[in-house]
Amino acid sequence: MNKQFAQFLLDSINQEKNIEQQRELLARNMFFEPYTAFSRLDYKMIGYVDTSNIKLFMDENFQDVSTDDCSNLIRRMDSDKDFYVAYSDFCRYIMPFKDEDLQKIADLRQAYRIENQKLPTLVEERLAKIFQLEINKIRSQKEKLQILINEFDTDGPIIHALVNKGKSWDDYSIQTFIFQNLQHRVSLEDAQLLVFRLDKDKDYKIGYPDFVQLISQIQQNPKKIEINSQFTPQRIKNLINTPDKSTNVKSESPFVQKAAQKTPQKSPQILTELKQENPNVSDFTDNFQVFNKLKEIMEQTKIREDSKLTLAQIQEEFFEIDRTRKGYFTLEDLQDYFQSRNLNYSLNHLIGLIKLFDYKKDGIVDFQEFHNAIQI
């Protein structure tokens, strides 16, 4: 069974590489901007995308997909398991992972109003192609994994335990497992791509909860999979920002350490330079006024004018934005935060603020990014 599952992982990596190439081509298109693309799907402007939105988009682009296909695609993009795709979910899915410079270029483009409810032709076609490739990948994985489960009469926990003895997988463990069973060496970068795309709790590892979600998406009869109560969705939410003490992942993995790297700070001078170099991007001055307002709100709690914000103060305000304690906040969370203080900033300003914080370019702002930006 080891060899068959190693082949499954290798095939999945090759499929992910193919989709990643399409993401890079999309990001290079000067008319691609993530929020505009999201708005194309969320044509009712309700803040999220569901199965019906994907089905309509694919039909309008002459792609032969079923409602179940679109539902599986939603579940693949959905990071918090609520069966809806928010802007942060969409950003994490659609932006390229490998090319960070390309991420920044796409992220700095200004959002624009689309005409006739469609994106420019090449952007529309490329987005539809990415979705179709993802759906094809899910179909293929479903078929291969079902054969594996039936042939060996096994279940989810046993399959997950093959790679790293039941512990969370990282790029090294996947690379080693494939080499040991197929004598084929995949690059760490390719293994990282697989981890990033399957990792739902954003800890740069594939734990059993991540694997359970993969299985549930592609298996026709999920009854054979036993989900321990400690891995219920609510429990997973509580554990998102908690280190996995049982994991034996190599701590020297650069990919795992990426989650703990210090985010370079951004300053008004840097923002001015960016605007000079990129005259077509949104107005960073206006975005920074919103940023300063957030700092002003926080600084009301300072004891002395010359005192510096403490870690506890920053953490307290962070969780005022991240009310559900996910360990990160989204555009929707930030909008709710300001509205609760009777501050009604435009959506473009809030998008700009998210972009200002979001150094990792994954569409969300974690505490590390927030802390480093707020302490400028």
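Residues numbered from 1 in each chain as written. Predicted model: local features only at pLDDT ≥ 70, side-chain atom pairs only at ≥ 80, totals over all residues. Heavy atoms only, no water.

Peer 1: What am I meant to see in the overall build of the protein chain here?
Peer 2: A tally of helices and strands in the protein chain yields 19 helices and 2 strands. Expressed as a percentage of the 376 residues in the protein chain, the buried residues total 52%. Accessible area for the protein chain stands at about 18400 Å²; split by element, carbon and sulfur atoms hold 48% of it. (Helix = DSSP H or I, 4+ residues; strand = E, 2+ residues; numbered from the N terminus. Buried < 20%, exposed > 50% of the residue type's maximum accessible area, 1.4 Å probe, protein only. Areas by Shrake-Rupley, 256 points an atom, 1.4 Å probe, with all protein chains shown as cover.)

Peer 1: Is there a simple way to think about the pattern of salt bridges in this case?
Peer 2: If the charged atoms of two oppositely charged side chains come close together, the side chains can form a pair. Evaluation of the coordinates by the stated rule reveals 16 salt bridges. In this structure, Glu134 and Lys137 form a salt bridge, with 2.7 Å as the shortest nitrogen-oxygen distance. On the criterion of helical spacing, the pair formed by Glu134 and Lys137 is a turn pair, its members being 3 residues apart in helix 7 (residues 121-152). Here Glu134 matches Lys137 in class, with each residue buried. We note a salt bridge from Arg341 to Glu320, for which the minimum N-O separation is 3.4 Å. Taken as a pair, Arg341 in the loop between helix 17 (331-339) and helix 18 (347-357) and Glu320 in helix 16 (residues 311-321) lie far apart in primary sequence, 21 residues in all. Here Glu320 falls in the partly exposed class, since its relative accessible area comes to 28%. By sharing partners, the salt bridges in this structure join Glu16, Arg76, Glu134 and Lys137 into a single network. (Salt bridge = Lys/Arg side-chain N within 4 Å of Asp/Glu carboxyl O.)

Peer 1: Help me understand the confidence of the model for the protein chain, please; the structure alone is not making it clear to me.
Peer 2: Reading fine detail from the predicted coordinates is not recommended where pLDDT is low. Looking at the protein chain, pLDDT values average 76 and 72% of them are 70 or higher. For residues 256-285, every residue scores under 50 in pLDDT, and the model assigns this stretch 48 contacts once sequence neighbours within four places are set aside. In this model residues 302-306 is a low-confidence stretch, pLDDT under 50, and it forms 3 contacts with partners more than four residues away in sequence or in other chains. (pLDDT = per-residue confidence, 0-100. Contact = heavy atoms within 4.5 Å.)

Peer 1: When you look at the nonpolar core in this model, what are you seeing that I'm missing?
Peer 2: The tendency in soluble globular proteins is for nonpolar side chains to be buried as a group. By size, the foremost hydrophobic cluster in this structure holds 56 residues, and its most contacted members are Ile54, Phe90, Ile94, Phe131, Phe329, Leu334 and Phe370. Every residue in contact with Phe90, bar those within four places of it in the chain, is listed here: Pro34, Ala37, Phe38, Leu41, Val85, Leu127 and Phe131. In terms of nonpolar packing, the next biggest core, distinct from the first, is built from 24 residues, Phe5, Leu10, Leu145 and Val163 among them. (Core = buried A, V, L, I, M, F, W, Y, C linked by side-chain atoms within 4.5 Å.)

Peer 1: In this structure, what is going on with the packing of aromatic side chains? I would like to understand it.
Peer 2: Here a ring pair, both rings aromatic, is described through the centre-centre distance and the interplanar angle of the planes. With the rule as written, the count across this model stands at 19 aromatic pairs. For the pair Phe38 and Tyr87, a centre-to-centre distance of 5.7 Å together with 65° between the ring planes defines the contact as edge-to-face. Here Phe38, found in helix 2 (residues 34-41), pairs with Tyr87, found in helix 5 (residues 87-94); they are 49 residues apart in sequence, far enough to count as distant. The exposure class of Phe38 is buried, given its relative accessible area of 2%. Here a set of aromatic residues connected by ring pairs shows up, and it is made of Phe318, Phe319, Phe329, Phe357, Phe367 and Phe370. The aromatic ring of Tyr93 is capped on one face by Arg23, whose charged end is 4.6 Å from the ring centroid. The ring centre of Phe319 lies 4.0 Å from the NZ or CZ of Arg325, which sits over that ring. (Phe/Tyr/Trp six-rings, centres within 6.5 Å; stacked < 30°, edge-to-face > 60°. Lys NZ or Arg CZ within 6 Å of the ring centre and 35° of its normal.)

Peer 1: Explain the environment of Lys129 here, please?
Peer 2: Relative to the elements of secondary structure, Lys129 occurs in helix 7. Here the alpha-carbon distance between Lys129 and Asn61, two residues 68 residues apart in the chain, equals 9.3 Å.

Peer 1: I tried to follow helix 6 (residues 100-108) on my own but got confused; where do I start?
Peer 2: Every α-helix winds through 3.6 residues per turn, so residues three or four apart in the chain are directed the same way. For helix 6, the set of buried residues is Leu102, Gln103, Ala106, Asp107 and Leu108. Capping the start of helix 6, Asp99 holds a side-chain oxygen 3.2 Å from the backbone nitrogen of Asp101, two or three residues further along. (Polar contact = N/O pair within 3.5 Å; in protein donor to acceptor, adjacent residues only side chain to side chain.)

Peer 1: I keep staring at unusual backbone geometry and nothing clicks. Help me out?
Peer 2: Across residues other than glycine, the phi torsion is negative in most instances, and most of the peptide bonds are trans. Positive phi values are uncommon outside glycine, yet Met45 reaches one of about 55°. Note on placement: Met45 falls in the loop between helix 2 and helix 3 (51-60). For Gln117, which is not glycine, the phi dihedral falls at a positive 60°. Assignment of secondary structure puts Gln117 in the loop between helix 6 and helix 7. For Gln117, a relative accessible area of 46% translates into the label partly exposed.

Peer 1: Looking at this structure, how should I read the environment of Arg92?
Peer 2: By secondary structure assignment, the location of Arg92 is in helix 5. Judged by its relative accessible area of 11%, Arg92 is buried. Sequence-wise, Arg92 and Met77 are 15 residues apart; in three dimensions their C-alpha atoms are separated by 8.1 Å.

Peer 1: I would appreciate a short explanation of the environment of Ile314 in the present structure.
Peer 2: Mapped onto the fold, Ile314 is located in helix 16. Ile314 sits in the buried class, given a relative accessible area of 0%. Counting along the chain gives 57 residues from Ile314 to His371, while the straight-line C-alpha distance between them is 6.6 Å.

Peer 1: For this particular structure, what's the right way to read the packing of helix 17 against helix 18?
Peer 2: Helices that pack against each other are described as a pair by the angle of their axes relative to one another and the distance between those axes. It is at 10 Å that the axes of helix 17 and helix 18 come closest, and there the two elements cross at 120°. By the angle class used here, helix 17 and helix 18 are oblique. Both helix 17 and helix 18 take part in a crossing whose hand is right-handed. Between helix 17, through Leu331, Leu334, Gln335 and Phe338, and helix 18, the contact on the second element is made entirely by Leu347, Leu350, Ile351, Leu353 and Ile354. A class-by-class count of the residues in the contact of helix 17 with helix 18 yields 8 nonpolar, 1 polar and no charged. (Axes fitted to C-alpha atoms, helices over the stretch in contact; angles between N-to-C directions. Parallel < 35°, antiparallel > 145°, perpendicular 65-115°, else oblique. Left-handed = near helix turned anticlockwise from the far one by under 90°. Nonpolar A, V, L, I, M, F, W, Y, C, P; charged D, E, K, R; others polar.)

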